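Fold and contact review
Read off the chains here:
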Amino acid sequence: MNLPNKLTVFRVILIPVFIFFMLVPDIPGGKWYALIFFCLASVTDFFDGYLARKNNLVTDFGKFMDPLADKLLICSAIIALCSNGRFPAWIVIVIIAREFTISGFRLIAADNGKVISASMWGKVKTVVQMFTVILLICDFNEVSGTGNPGDGAVYVAEQCLIYLAMALTVISLIDYIAKNREVITSFK
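Quick notes on the overall build of the protein chain
Looking only at helices and strands, one finds eight helices and zero strands in the protein chain. Listed by position from the N terminus, the elements making up the protein chain come as α-α-α-α-α-α-α-α. Computed over its C-alpha atoms, the radius of gyration of the protein chain comes to 17 Å, within 12% of the 16 Å expected for a compact globule of 188 residues. Each principal axis of the C-alpha distribution contributes one length, and for the protein chain these read about 55 × 35 × 25 Å. A buried classification covers 43% of the 188 residues belonging to the protein chain. Residue pairs at least 24 apart in sequence account for 78% of intrachain contacts in the protein chain once pairs closer than 6 positions are excluded. Of the roughly 9900 Å² of accessible surface on the protein chain, 71% is carried by carbon and sulfur atoms.

A short note on the confidence of the model for the protein chain
Per-residue confidence for the protein chain averages 88 on the pLDDT scale, and 93% of its residues sit at or above 70. Looking across the protein chain, the model is least confident in helix H6 (residues 140-144), with a mean pLDDT of 66, and most confident in helix H1 (residues 3-23), with 96.

Digging into a nonpolar patch on the surface
Taken together, the side chains of Val 43, Phe 46, Phe 47 and Tyr 50 define a hydrophobic patch exposed on the protein surface, amounting to about 380 Å² of accessible area. Checked against the element boundaries, Val 43 lands in helix H2 (residues 30-54).

Observations regarding unusual backbone geometry
In this structure, Asn 56 is a non-glycine residue whose phi angle is positive, near 55°. Summarising the element assignment, Asn 56 is placed in the loop between H2 and helix H3 (60-83). Note on Asn 56: relative accessible area 69%, which makes it exposed. The phi angle at Asp 139 is positive, at roughly 45°, despite the residue not being glycine. Along the chain, Asp 139 falls in the loop between helix H5 (120-138) and H6.

Describing H1
Relative to the 30 Å expected for 21 residues at 1.5 Å per residue, H1 spans 31 Å between its end C-alpha atoms, a close match to the ideal helical length. At Leu 14, H1 is bent by approximately 25°, the largest bend along its length, and proline Pro 16 sits one to four residues beyond. Residues Pro 4, Asn 5, Leu 7, Thr 8, Arg 11, Leu 14, Ile 15, Phe 18, Ile 19, Phe 21 and Met 22 constitute the buried set of H1. Turning to H1, the residues buried within the fold contact H2, H3 and H5. N-capping of H1 is provided by Asn 2, with a side-chain oxygen placed 2.9 Å from the backbone N of Asn 5.

Thoughts on the environment of Ile 116
Structurally, the position occupied by Ile 116 is in the loop between helix H4 (89-111) and H5. Along the backbone, Ile 116 and Lys 54 are 62 residues apart, and their C-alpha atoms lie at a distance of 20 Å. Discounting residues that sit within four places of it in the chain, Ile 116 has contacts with Lys 63, Phe 105, Arg 106, Ala 109, Tyr 176, Asn 180 and Val 183.

Observations regarding the packing of aromatic side chains
Any two aromatic rings considered together are summarised by their centre-to-centre distance and by the angle between their planes. Enumeration according to the criterion identifies seven aromatic pairs in this entry. On the numbers, 5.2 Å between centres and 80° between planes, the contact of Phe 20 with Phe 21 is edge-to-face. Residue class for Phe 20 comes out partly exposed when judged on its relative accessible area of 44%. Between Trp 90 and Tyr 163, the aromatic rings sit 6.2 Å apart at their centres with planes inclined by 50°, giving tilted as the arrangement.

So, how was this worked out
- Residues numbered from 1 in each chain as written.
- Predicted model: local features only at pLDDT ≥ 70, side-chain atom pairs only at ≥ 80, totals over all residues.
- Heavy atoms only, no water.
- Helix = DSSP H or I, 4+ residues; strand = E, 2+ residues; numbered from the N terminus.
- Rg over C-alpha atoms; globule rule 2.2 N^0.38 Å.
- Buried < 20%, exposed > 50% of the residue type's maximum accessible area, 1.4 Å probe, protein only.
- Contact = heavy atoms within 4.5 Å.
- Areas by Shrake-Rupley, 256 points an atom, 1.4 Å probe, with all protein chains shown as cover.
- pLDDT = per-residue confidence, 0-100.
- Patch = residues over 30% accessible without salt bridge, like charges linked within 9 Å, V, L, I, M, F, W, Y side chains within 5 Å.
- Salt bridge = Lys/Arg side-chain N within 4 Å of Asp/Glu carboxyl O.
- Expected span 1.5 Å × (residues − 1).
- Bend = angle between axes of the 7 residues up to and from the residue.
- Polar contact = N/O pair within 3.5 Å; in protein donor to acceptor, adjacent residues only side chain to side chain.
- Phe/Tyr/Trp six-rings, centres within 6.5 Å; stacked < 30°, edge-to-face > 60°.

Below, the structure written as structure tokens:
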């Protein structure tokens with residue numbers, strides 16, 4: 001297994017550690033540990049792709065597992081944030097529905113001997129989702145002591161990023177369907 005693929009597997013291994021710190025409320029500084037593990041996992045997403053392309057180490061395993069690892073990381077994070085009241089449930093459902101749809105596309109394509117790699121829209125969507133999750137984990141309203149989620153510029157920025165992440169989720173879904181419609185027509 002090459003280094004980019006090891007980084008992808010490492011990202012998947014970090015997810016339960018991140019979730020543990022996100023959801024166990026009695027750990028002092030738990031959200032900050034969660035933030036560190038989420039950021040570490042997010043950074044591996046950049047480096048696995050960069051190293052794979054730079055060193056000509058792109059594999060079918062990487063094309064399949066890298067987006068899957070991203071989906072697992074993001075979906076775990078937004079579900080945890082939803083359970084903490086930080087992410088709207090209906091947007092979580094839209095994002096997860098998109099991820100299941102794309103995964104289904106990839107499975108059908110793989111069954112037909114085709115590997116669908118991540119598109120530019122999908123990559124931008126993932127970066128925005130990761131940045132949104134980081135901002136929501138930080139919860140600057142809580143840090144500032146206002147405790148009122150409707151206060152200030154931070155709240156507005158959080159809401160803008162949440163809706164931008166959702167919009168990019170829908171746009172990237174439409175892009176995947178348009179570029180891979182032969183996958184649908186090949187399904188019998």
